[in-house]
Amino acid sequence: MIFIGFGFLMTFLQRYGFSSVGFNFLIAAFALQWATLMQGFFHGMHGGKIHIGVESMINADFCTGSVLISFGAVLGKTSPVQLLVMALFEVTLFAVNEFILLSALGAKDAGGSMTIHTFGAYFGLMVTRILYRPNLDKSKHRNSSVYHSDLFAMIGTIYLWMFWPSFNSAITAHGDDQHRTAMNTYYSLAACTLSSYGMSAITAHDGKLDMVHIQNAALAGGVAAGTAGEMMLTPFGSMIVGFLAGIISVLGFKYLSPILEEKLKIQDTCGVHNLHGMPGILGAIVGAVTAALATKDIYGDGMADVFPDVANGDVEASFQGVRQAISLAVTLGIALLGGLIVGFILKLPIFGAPPDSICFEDSIYWEVPGEEESHEDQLTTVRTEESEKLNS
């Protein structure tokens with residue numbers, strides 16, 4: 001999911017395929033290692049040493065997923081150095097947020113609707129707002145897809161779709177909890193796919209499907225089932241949640257993204273707000289409601305695995321729901337404030353951001369086969385722009 005799913009999902013840009021997959025590879029390799037340390041410092045220390053194993057590797061994978069979600073928001077407009085610096089800070093803040101939610105507040109978030117998706121989306125949105133480019137229109141002809149780039153992006157979508165049930169259920173308790181999480185995610189994804197296709201056709205003037213909607217909105221069900229996946233959401237409830245997630249996501253791509261760019265100056269390249277932000281909030285709300293309605297009659301002995309504090313009688317189920325809601329607010333606060341600070345750090349000229357006229361372009365950072373002349377033209381454009389800045 002991390003290396004192929006996220007990497008190929010971002011290859012939709014016609015001139016940014018190398019960077020989408022390549023920088024995804026670079027950031028993931030770095031974030032996995034840094035997350036192992038950061039998460040280890042907060043909740044993996046035993047006798048002064050960080051214990052690592054399969055579970056710590058999976059948790060580091062989750063953290064990396066959050067960083068790659070933020071990468072989607074700034075895709076094509078940042079240098080590799082900026083991306084590595086962003087990953088450095090975001091992984092640290094992710095570990096802090098995760099510790100507050102899961103350890104201090106006692107919230108449940110097995111599939112990461114809050115810790116991974118909501119955090120990564122709103123952190124990335126705030127960073128891209130601070131890095132706003134007023135003259136990005138100069139590169140708008142490259143900020144689009146072609147036939148084969150959309151086809152490659154669908155590879156990422158299919159990989160993510162297939163593996164999302166195992167992603168959400170990876171660290172849940174073995175047995176019933178894990179099976180329930182996988183099934184809830186599966187049904188949510190299936191219903192979400194149907195609603196995405198339907199809404200894509202309905203919102204189009206000519207009734208045709210939009211590949212952007214299918215690539216992204218069809219995955220929103222997995223995001224929305226993240227928090228409540230291990231709870232008694234039931235297959236029917238999962239399908240309702242997934243169906244709603246698909247509708248919200250398509251409407252976001254169609255109507256909300258242009259408003260965010262025009263009014264709030266948020267240039268969200270991949271539309272992470274529609275795939276991860278809004279469905280993540282939906283998943284957090286569903287998790288809070290489902291937790292508040294938990295009873296011993298419904299969960300039986302499994303209550304101890306899902307809600308140990310409720311099973312022990314330490315708190316009421318309604319208070320567990322309040323915990324979940326507070327966790328959502330904390331996540332949004334840390335993500336927005338962290339993104340604000342990191343965004344200003346990334347604005348420093350030493351990190352070598354590409355100029356507005358050649359964003360979404362591979363040849364700035366990669367040797368592109370058969371395009372030496374074009375590369376020289378790009379360099380001439382950069383030099384001309386720099387000269388104009390110096391003269392002014």
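Look up a bit, the structure's there.
Residues numbered from 1 in each chain as written. Predicted model: local features only at pLDDT ≥ 70, side-chain atom pairs only at ≥ 80, totals over all residues. Heavy atoms only, no water.

In this section: the state of the cysteines. Within this structure, the stated rule accounts for zero disulfides. Left without a disulfide partner, Cys63 is nearest to the cysteine sulfur of Cys270, which lies 19 Å away. For Cys63, a relative accessible area of 0% translates into the label buried. Its sulfur unpaired, Cys359 is 14 Å from the next cysteine sulfur, which belongs to Cys270. The buried category is assigned to Cys359, whose relative accessible area is 0%. (Disulfide = S-S within 2.5 Å. Buried < 20%, exposed > 50% of the residue type's maximum accessible area, 1.4 Å probe, protein only.)

Mapped onto the secondary structure, Phe41 falls in helix α2 (residues 17–43). For Phe41, a relative accessible area of 48% gives the class partly exposed. (Helix = DSSP H or I, 4+ residues; strand = E, 2+ residues; numbered from the N terminus.)

Moving on, we come to helix α5 (residues 113–130). With 18 residues, α5 should cover 26 Å at 1.5 Å per step; its first-to-last C-alpha distance of 24 Å lies within 8% of that length. Taken as a whole, α5 carries its principal kink of about 30° at Phe119. Of all the 18 residues making up α5, 16 are buried; the element is thus mostly covered by neighbouring parts of the structure. (Expected span 1.5 Å × (residues − 1). Bend = angle between axes of the 7 residues up to and from the residue.)

For the rest of this paragraph, the subject is the packing of helix α3 (residues 54–74) against helix α4 (residues 80–104). Two numbers describe how α3 lies on α4: the axes approach to 10 Å, and their chain directions differ by 130°. The angle between α3 and α4 places the two elements in the oblique class. Classified by chirality, the crossing of α4 by α3 is right-handed. Seen from α3, the contacting residues are Asn59, Phe62, Cys63, Ser66, Val67, Ser70, Phe71 and Val74; seen from α4, they are Leu83, Met86, Ala87, Glu90, Val91, Phe94 and Glu98. Counted by class, the contact of α3 with α4 contains 10 nonpolar, three polar and two charged residues. (Axes fitted to C-alpha atoms, helices over the stretch in contact; angles between N-to-C directions. Parallel < 35°, antiparallel > 145°, perpendicular 65-115°, else oblique. Left-handed = near helix turned anticlockwise from the far one by under 90°. Contact = heavy atoms within 4.5 Å. Nonpolar A, V, L, I, M, F, W, Y, C, P; charged D, E, K, R; others polar.)

Topologically, Asp362 is positioned in the loop between α15 (317–346) and α16 (372–391). One buried charge, Asp362, has no salt-bridge partner; the nearest side chain with opposite charge is Arg15, at 6.9 Å. Within the local environment of Asp362, its side chain forms a polar contact with the backbone nitrogen of Gly17, the two atoms lying 3.2 Å apart. With sequence-adjacent residues up to four places away left out, Asp362 is seen in contact with Arg15, Tyr16, Gly17, Phe18, Ser19 and Val368. (Lys, Arg positive; Asp, Glu negative; His and termini not counted. Salt bridge = Lys/Arg side-chain N within 4 Å of Asp/Glu carboxyl O. Polar contact = N/O pair within 3.5 Å; in protein donor to acceptor, adjacent residues only side chain to side chain.)

Turning our attention to the nonpolar core. Most often, soluble globular proteins keep nonpolar side chains buried together rather than apart. Of all hydrophobic cores here, the largest spans 78 residues; its most connected members are Phe71, Leu75, Met86 and Phe307. Counting residues per element, this core draws most heavily on α3, which supplies nine residues. (Core = buried A, V, L, I, M, F, W, Y, C linked by side-chain atoms within 4.5 Å.)

Since the α-helix packs 3.6 residues into each turn, any two residues three or four apart lie on the same face. Taking 1.5 Å per residue, 23 residues should reach 33 Å; helix α6 (residues 147–169) reaches 34 Å between its end C-alpha atoms and fits that length. Maximal helix bending in α6 amounts to about 50°, located at Phe163; proline Pro165 follows within four positions. Looking at α6, one finds that the buried residues are Ser149, Asp150, Ala153, Met154, Gly156, Thr157, Leu160, Trp164, Pro165, Phe167, Asn168 and Ser169.

Taken as a whole and assessed by the stated rule, the structure comprises five salt bridges. The shortest N-O distance in the salt bridge between Arg142 and Glu361 comes to 3.8 Å. Here Arg142 is found in the loop between α5 and α6, whereas its partner Glu361 is found in the loop between α15 and α16, with 219 residues between them in sequence. For Arg142, a relative accessible area of 7% gives the class buried. Note that Arg180 and Asp177 form a salt bridge whose closest N and O atoms lie 3.6 Å from each other. Of this pair, Arg180 and Asp177 are both found in helix α7 (residues 176–203), three residues apart, which corresponds to roughly one turn of the helix.

Right, let's talk about the packing of aromatic side chains for a bit. In total, this model carries 14 aromatic pairs according to the counting rule given. Geometrically, the ring pair formed by Phe3 and Phe25 is edge-to-face, given 5.6 Å between the ring centres and 85° between the ring planes. Pair noted here: Phe3 is in the segment before α1 (5–9) and Phe25 is in helix α2, with a separation of 22 residues, a long-range link. Take Phe3: its relative accessible area is 35%, and that puts it in the partly exposed class. On the basis of relative accessible area, Phe25 is assigned to the exposed category, the value being 54%. Aromatic side chains Phe94 and Phe119 sit 6.0 Å apart centroid to centroid with 80° between the ring planes, which places their arrangement in the edge-to-face category. A residue pair is termed long-range when its members are at least 10 positions apart, and Phe94 in helix α4 and Phe119 in helix α5 qualify at 25 residues. Residue Phe94 shares its accessibility class with Phe119, and that shared class is buried. By the ring-pair criterion, three or more aromatic residues cluster together here, those being Phe18, Phe23, Tyr365 and Trp366. Stacked on the ring of Tyr132, the Lys or Arg Arg129 has its end atom at 5.9 Å from the ring centre. (Phe/Tyr/Trp six-rings, centres within 6.5 Å; stacked < 30°, edge-to-face > 60°. Lys NZ or Arg CZ within 6 Å of the ring centre and 35° of its normal.)

Moving on, we get to unusual backbone geometry. Leaving glycine aside, a negative phi is the common case for residues, and trans is the common case for peptide bonds. Of note, the phi angle at Lys265 is positive, near 60°, even though the residue is not glycine. In this fold, Lys265 is placed in the loop between α10 (234–263) and α11 (272–292). One non-glycine residue with positive phi stands out, namely Phe360, at about 60°. Along the chain, Phe360 turns up in the loop between α15 and α16.

In this section: the side chain of Ser79. Position of Ser79 among the secondary structure elements: in the loop between α3 and α4. Of note is the side chain of Ser79, whose polar atom sits 2.6 Å from the backbone oxygen of Phe351. With near-sequence residues (within four places) excluded, Ser79 lies in contact with Phe351, Gly352, Ala353, Pro354 and Tyr365.

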